[in-house]
Amino acid sequence: MATRIDRAQVAETALDLLNEVGLEGLTLRRIAKELGVQAPALYWHFKNKQELLDEVATEMFRRMAEPLSAVDSSTWQSCLAGSARVMRRFLLGYRDGAKVFGGTRLTGRSYAGPVEEMMERIVAAGFTPSTAARAWFTVNTYTMGYVMEEQSVHPVPGGERDPAYDLEDRADRLKGYPLVIAAGAEFFGEMEAGFETGLHAVVAGIEATLLTPGAAGVE
């Protein structure tokens with residue numbers, strides 16, 4: 001009897017394979033092998049790899065939904081910053097996690113409830129629906145972009161730094177350019193501290209440019 005599979009099962013298998021093979025190795029053929037079926041069986045569910053990645057990103061968001069809903073929402077700042085930290089930790093748990101999640105289109109409606117809840121929190125703090133959406137989108141894209149760079153430095157979750165990002169070697173190569181050397185140390189040194197510094201700047205910029213004038217900024 002042929003093995004029956006569905007979209008959710010394929011997406012879950014793909015996500016479980018990600019740490020082993022990375023984004024480049026995450027092919028429909030490799031997933032089919034893991035599921036014990038022939039590759040053409042997957043084309044009933046996904047026309048191409050992009051459709052697969054859309055479904056994988058949706059599964060990633062499903063797995064993030066619970067910790068996102070538990071974020072401190074006593075202020076809009078803590079809500080946005082806490083959501084960014086949850087996303088960063090989650091994406092860092094998967095090889096190429098930011099590349100897989102960024103630029104994809106979430107499928108179905110499962111993501112709508114958590115997004116609606118997050119938007120309600122921000123709007124209640126004094127943002128309009130439009131500026132609330134822009135604020136959250138800005139924080140999300142900062143986080144995904146930062147994690148993408150972070151995963152270039154540490155390609156494997158919990159693994160060693162890529163030798164190409166050795167700061168001493170870089171400084172030796174760039175002697176005579178002290179500001180460039182200092183920039184590299186800031187970009188590729190303490191990645192978590194750098195994320196927090198940038199996140200603080202993003203949130204401060206949102207307050208300065210998007211929050212409705214006169215709003216208290218707290219719920």
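Residues numbered from 1 in each chain as written. Predicted model: local features only at pLDDT ≥ 70, side-chain atom pairs only at ≥ 80, totals over all residues. Heavy atoms only, no water.

### Looking at the overall build of the protein
- Counting its regular elements, the protein contains 10 helices and 0 strands.
- Counted from the first residue to the last, the protein has its helices and strands arranged as α-α-α-α-α-α-α-α-α-α.
- A principal-axis box enclosing the C-alpha atoms of the protein has dimensions of 65 × 50 × 25 Å.
- Counting every position in the protein, which comprises 219 residues, the buried fraction comes to 41%.
- Intrachain contacts of the protein at a sequence separation of at least 6 include 71% that bridge at least 24 residues.
- Carbon together with sulfur atoms contributes 55% to the accessible area of the protein, which is approximately 12000 Å² in total.
- Averaging the coordinates of the 22 positive side-chain charges in the protein and doing the same for the 30 negative ones gives two points 7 Å apart. (Helix = DSSP H or I, 4+ residues; strand = E, 2+ residues; numbered from the N terminus. Buried < 20%, exposed > 50% of the residue type's maximum accessible area, 1.4 Å probe, protein only. Contact = heavy atoms within 4.5 Å. Areas by Shrake-Rupley, 256 points an atom, 1.4 Å probe, with all protein chains shown as cover. Lys, Arg positive; Asp, Glu negative; His and termini not counted. Charge placed at Lys NZ, Arg CZ, Asp CG, Glu CD.)

### Observations concerning the nonpolar core
- In terms of nonpolar packing, the biggest core is built from 37 residues, with Ile-31, Leu-42, Met-60, Leu-91 and Phe-101 touching the most fellow members.
- Within the residue set of this core, elements represented by two or more residues are helix H1 (7–25), helix H2 (28–35), helix H3 (49–69), helix H4 (76–92), helix H5 (97–101) and helix H7 (129–153).
- Residues contacting Leu-42, with those up to four places away along its chain left out, are Ile-5, Val-10, Leu-28, Ile-31, Ala-32, Leu-35 and Val-37.
- If you look at the next biggest cluster of nonpolar residues, it comprises 26 residues, including Leu-80, Phe-127, Phe-188 and Met-191. (Core = buried A, V, L, I, M, F, W, Y, C linked by side-chain atoms within 4.5 Å.)

### Observations regarding the UniProt feature "domain: HTH tetR-type" (unreviewed entry) in the protein
- The UniProt entry lists residues 4–64 under the feature "domain: HTH tetR-type" (unreviewed entry), expressed in the numbering used here.
- The straight-line gap between the two end C-alpha atoms of residues 4–64 is 27 Å; of that span, 70% is helix and 0% is strand. (UniProt positions renumbered as here; feature names shortened; annotations may be inferred.)

### A closer look at a negative patch on the surface
- A cluster of like negative charges, contributed by Asp-166, Glu-168, Asp-169 and Asp-172, occupies part of the molecular surface.
- Summarising the element assignment, Asp-169 is placed in helix H8 (residues 167–173). (Patch = residues over 30% accessible without salt bridge, like charges linked within 9 Å, V, L, I, M, F, W, Y side chains within 5 Å. Salt bridge = Lys/Arg side-chain N within 4 Å of Asp/Glu carboxyl O.)

### Things to note about the UniProt feature "DNA-binding region" (unreviewed entry) in the protein
- With numbering aligned to this structure, UniProt lists the feature "DNA-binding region" (unreviewed entry) at residues 27–46.
- End C-alpha atoms of residues 27–46 are separated by 12 Å, and the span's content is 40% helix alongside 0% strand.

### Description of the packing of H1 against H3
- At their nearest, the axes of H1 and H3 sit 9 Å apart, and the two run at 95° to each other. Here H3 runs roughly perpendicular to H1, going by the angle between their axes. Mapping the contact onto sequence places Arg-7, Val-10, Ala-11, Glu-12, Ala-14, Leu-15, Asp-16, Leu-23 and Glu-24 in H1 and Lys-49, Leu-52, Leu-53, Glu-55, Val-56, Glu-59, Met-60 and Arg-63 in H3.
- Broken down by class, the residue content of the contact of H1 with H3 amounts to 9 nonpolar, no polar and 8 charged. (Axes fitted to C-alpha atoms, helices over the stretch in contact; angles between N-to-C directions. Parallel < 35°, antiparallel > 145°, perpendicular 65-115°, else oblique. Nonpolar A, V, L, I, M, F, W, Y, C, P; charged D, E, K, R; others polar.)

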